[in-house]
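Spelled out from the first residue to the last, the chains are:
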There are 2 protein chains.
Amino acid sequence: LPSNFQRDSFDVVLVSPRNPLNIGAAARAMANFGFARLAVVAAFAPPWREARSAVGAPEVLANAQEAPTLAEAVRYCTLVVGTGTVNYRKPEQRVVSLPALAPLLAEELARGGRVALVFGPEKHGLTREDLSLCHLLVEIPTDPRQPSMNLGQAVAVCLYEVATRMIQNPAQPASETISPPTAAVPSETLDLLTGLIEQTMQAARYSPASMQAANHHDLHLLLRRLTLSKGDSRRILGLFRRILWRLNRKPAPPITEDDGPSRQGGMR
Amino acid sequence: LPSNFQRDSFDVVLVSPRNPLNIGAAARAMANFGFARLAVVAAFAPPWREARSAVGAPEVLANAQEAPTLAEAVRYCTLVVGTGTVNYRKPEQRVVSLPALAPLLAEELARGGRVALVFGPEKHGLTREDLSLCHLLVEIPTDPRQPSMNLGQAVAVCLYEVATRMIQNPAQPASETISPPTAAVPSETLDLLTGLIEQTMQAARYSPASMQAANHHDLHLLLRRLTLSKGDSRRILGLFRRILWRLNRKPAPPITEDDGPSRQGGMR
């Protein structure tokens, strides 16, 4: 089972769960496998109230955090892992099978990171928007004839796997490696960077308004793929602040029919 | 996920489940992880009916076997594995932690055996009597502060582990080993042997009636510890049939105060 250190750096996040029994089951599995930090995103009030007031509800529920968006729930996390079956379309991030997950998490925790394991709503799982906030997707290997798991059972299986195999495959503590890897930046820094780059795109008239949603999405994925260090993100933030200031100092020229090659472009 | 061969030699057994949602969840986990053979022992009629008639109930439930006793449900199985937390008293069998279970099961299946994984009722788990029919106990490593798992989640975690790791650690097929291990005998043979030995004990006036239940229990455990081959059990059956026939041929002498040293003994 996880050490106190691991347990304090590991968040379980439920996005809009519908069934109070599933919320209770998720919390119970957390208690069974020694996890303590639960966050619920955009909770539907009635099931959330019912789950918290259930007889024998685990302490984990009383201490749960509530957040309006997934971005807010994972803002301090350096590795956000989305769960679900991804066989219905081509995933945009790296996908690992659950039996291969624990060493990756152990490594992230060993270098001082903080991990979130995110579960979507019962019916349809995580949205494309929510998935774009994940660095990594994890898939539970299931039978293609019945791939979809019950939420409470999926949480139990994932936490069992992580709790059991993080201990069996402990990553080298940072102090013992020759060049200690630096911790990744938390999600809130990536969100800051996303906002600044988007402002810069707009100020530079990089692409038409119709492309903004697609660019926003691609930017999410790109920034998570880069695994920026704190130094990287500080330098990039500084650069884009400078660019934005320059762009805003003199008004942009009016749009003409021939507005240069980048005008129609997206990030793809 | 398990091969067709593994799947056909693997039974999941629920003993007297109380909650139809748990029965449904257990069946769903079986479908998720590619298992097909479910048996329910001493089912309470209302929850069992409700689970089977639920909307979207997995096919596994429609095909489930019903048995009045655990002995009957596992009569063809050569390796019966009981589940549960065993920390409340000293276990009488070998206990393995769930992460170490899959290689043992793969080995048993590879030598032509048949495995049962047995789950007790929600409240109190498997009784001492039911446990005495198990060759092996498996324990899910949980936090001592909240050791007891929900039944549906426990089934999901066990089947995930077995399905995922039986493939990763396939046992050598019997044909490739130099001296192929013979399959163990099915539970029904052990039950036959138990009954015959008990008759012999009584005919020999081995111990007073007050010791019979304890001896019955110890005999269960002993016979499962021995991992008898078919030849072994045939020879033992033959020997005890002969002894019993001899004992019954001339009436036993009346009991006296001094009835020999074995008279007060149990098997312990």
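One can find the structure itself at the top, above this paragraph.
Residues numbered from 1 in each chain as written. Chains lettered and ligands numbered in written order. Predicted model: local features only at pLDDT ≥ 70, side-chain atom pairs only at ≥ 80, totals over all residues. Heavy atoms only, no water.

Re the overall build of chain A
- Of regular secondary structure, chain A possesses 11 helices and seven strands.
- When the 268 residues of chain A are sorted by exposure, 49% land in the buried category.
- Counting every atom, chain A has about 13,200 Å² of accessible surface; 54% of that belongs to carbon and sulfur. (Helix = DSSP H or I, 4+ residues; strand = E, 2+ residues; numbered from the N terminus. Buried < 20%, exposed > 50% of the residue type's maximum accessible area, 1.4 Å probe, protein only. Areas by Shrake-Rupley, 256 points an atom, 1.4 Å probe, with all protein chains shown as cover.)

Looking at the relation of the copies chain A and chain B
- Taken as rigid bodies, chain A and chain B are interconverted by a rotation of 180 degrees and an axial shift of 0.0 Å, the fit giving an RMSD of 0.1 Å. Here the symmetry operator amounts to a two-fold rotation axis.
- A share of 100% of the interface residues of chain A reappears at the interface of chain B, consistent with the copies meeting face to face through the same patch. (Least-squares fit on C-alpha atoms with pLDDT ≥ 70 in both. Contact = heavy atoms within 4.5 Å.)

What to know about the interface of chain A and chain B
- Counting residues at the interface gives 32 residues for chain A and 32 residues for chain B.
- The junction of chain A with chain B conceals about 2,500 Å² of combined surface from both sides, 54% of it contributed by carbon and sulfur atoms.
- Counting the contacts that link chain A with chain B gives two salt bridges.
- Across the pair Arg165 of chain B and Glu161 of chain A runs a salt bridge whose closest N-O atoms are separated by 2.6 Å.
- Within the residue set of the side of chain A that touches chain B, elements represented by two or more residues are helix H2 (20-32) and helix H8 (151-168) of chain A.
- Each residue belonging to the side of chain A that touches chain B can be placed in one class, and the counts come to 16 nonpolar, 10 polar and six charged. (Buried area = accessible area lost by both parts, 1.4 Å probe. Salt bridge = Lys/Arg side-chain N within 4 Å of Asp/Glu carboxyl O. Nonpolar A, V, L, I, M, F, W, Y, C, P; charged D, E, K, R; others polar.)

Thoughts on the sheet that holds strand S3 (residues 65-67) of chain B
Residue and element names in this part refer to chain B.
- The strand order across the open sheet formed by seven strands is S3-S2-S1-S6-S4-S7-S5, and the pairing between neighbours is parallel. The strands lining the two open edges of the sheet, one partner per strand, are S3 and strand S5 (95-97). Between one strand axis and the next, the sheet turns by 25 degrees as a mean value, whatever way the strands run.
- Direction of pairing for strand S4 (residues 79-83) relative to strand S7 (residues 136-139): parallel, over a ladder of three bridges. Bridge pairing in S7 links Val81 to Leu136. (Pairing = 2+ DSSP bridges. Axes fitted to C-alpha atoms, helices over the stretch in contact; angles between N-to-C directions.)

Some thoughts on the packing of aromatic side chains
- Scanning all chains against the criterion turns up four aromatic pairs over all chains.
- Residue placement shows Arg18 of chain A over the ring face of Phe44 of chain A; its charged tip is 3.5 Å from the ring centre. (Phe/Tyr/Trp six-rings, centres within 6.5 Å; stacked < 30°, edge-to-face > 60°. Lys NZ or Arg CZ within 6 Å of the ring centre and 35° of its normal.)

A look at the pairing of strand S1 (residues 10-15) of chain B
Residues and elements named next belong to chain B.
- With six of six residues buried, S1 lies mostly within the body of the structure.
- Alternating residues of S1 divide into Phe10, Val12 and Leu14 and Asp11, Val13 and Val15, and every residue in both groups is buried.
- In terms of strand pairing, S1 meets strand S6 (residues 115-119) through five bridges, oriented parallel. Note on S6: the bridge partner recorded for Phe10 is Val115.
- Bridging between S1 and strand S2 (residues 37-41) involves five bridges; their strand directions are parallel. When the sheet's bridge partners are listed, Leu14 is paired in S2 with Val40.
- Handedness of the crossover is the feature at issue here: the chain leaves S1, passes through helix H2 (residues 20-32), returns alongside S2, and the resulting connection is right-handed. (Right-handed = clockwise from strand over helix to strand, strands pointing away.)

Notes on helix H9 (residues 187-203) of chain B
Residues and elements named next belong to chain B.
- Taking 1.5 Å as the rise per residue, H9 with 17 residues should run 24 Å; its terminal C-alpha atoms sit 24 Å apart, in good agreement.
- Turning to H9, its buried residues are Ser187, Thr189, Leu190, Leu193, Thr194, Leu196, Ile197, Glu198, Thr200, Met201 and Ala203.
- Looking at the buried positions of H9, the neighbouring elements they touch are S4, helix H10 (212-225) and helix H11 (230-249).
- Of the residues one or two after H9, Arg205 is the one with positive phi, at around 50 degrees. (Expected span 1.5 Å × (residues − 1).)

Digging into the sheet that holds strand S3 (residues 65-67) of chain A
All names here are of chain A.
- Read from one edge of the open sheet, seven strands run S3-S2-S1-S6-S4-S7-S5, paired in parallel fashion. Only two strands of the sheet have a single neighbouring strand rather than two, namely S3 and strand S5 (95-97). Sheet twist, expressed as the average angle between the axes of neighbouring strands with direction ignored, equals 25 degrees.
- Contacting strand S1 (10-15), strand S4 (79-83), S5, strand S6 (115-119) and strand S7 (136-139), helix H6 (residues 101-110) crosses the sheet at an angle of about 155 degrees to S4.

Some remarks on the nonpolar core
- Leu101 of chain A together with Leu101 of chain B are the most contacted members of the largest nonpolar core, which totals 88 residues.
- Among residues more than four places away in sequence, those in contact with Leu101 of chain A are Val81, Val96, Leu117, Leu136, Val138 and Val162 of chain A. (Core = buried A, V, L, I, M, F, W, Y, C linked by side-chain atoms within 4.5 Å.)

Regarding the pairing of S4 of chain A
All names here are of chain A.
- Summarising burial for S4: five of the five residues are buried, a large majority.
- Side-chain alternation along S4 places Leu79, Val81 and Thr83 on one buried face and Val80 and Gly82 on a second face that is also buried.
- Relative to S6, S4 runs parallel, the two being bridged by four bridges. For Gly82, the partnering residue across the bridge sits in S6 and is Val118.

A closer look at the packing of H2 of chain B against helix H3 (residues 45-53) of chain B
Residues and elements named next belong to chain B.
- Where H2 contacts H3, the axes come no closer than 8 Å and their chain directions differ by 45 degrees. When the axes of H2 and H3 are compared, the pair comes out oblique. Remark: the crossing between H2 and H3 carries right-handed chirality. Here Pro20, Ile23 and Gly24 of H2 lie close against H3, whose contacting residues are Pro47, Trp48, Glu50 and Ala51.
- Taken together, the residues of the contact of H2 with H3 sort by class into five nonpolar, one polar and one charged. (Parallel < 35°, antiparallel > 145°, perpendicular 65-115°, else oblique. Left-handed = near helix turned anticlockwise from the far one by under 90°.)

Focus on the state of the cysteines
- As enumerated under the stated definition, the model contains zero disulfides over all chains in all.
- No disulfide involves Cys134 of chain A; its sulfur sits 11 Å from the nearest other cysteine sulfur, which is in Cys77 of chain A. (Disulfide = S-S within 2.5 Å.)

What to know about the pattern of salt bridges
- Applying the stated criterion across every chain, the model contains 18 salt bridges over all chains.
- What you see here is one network of salt bridges that share partners, running through Glu161 and Arg165 of chain A together with Glu161 and Arg165 of chain B.

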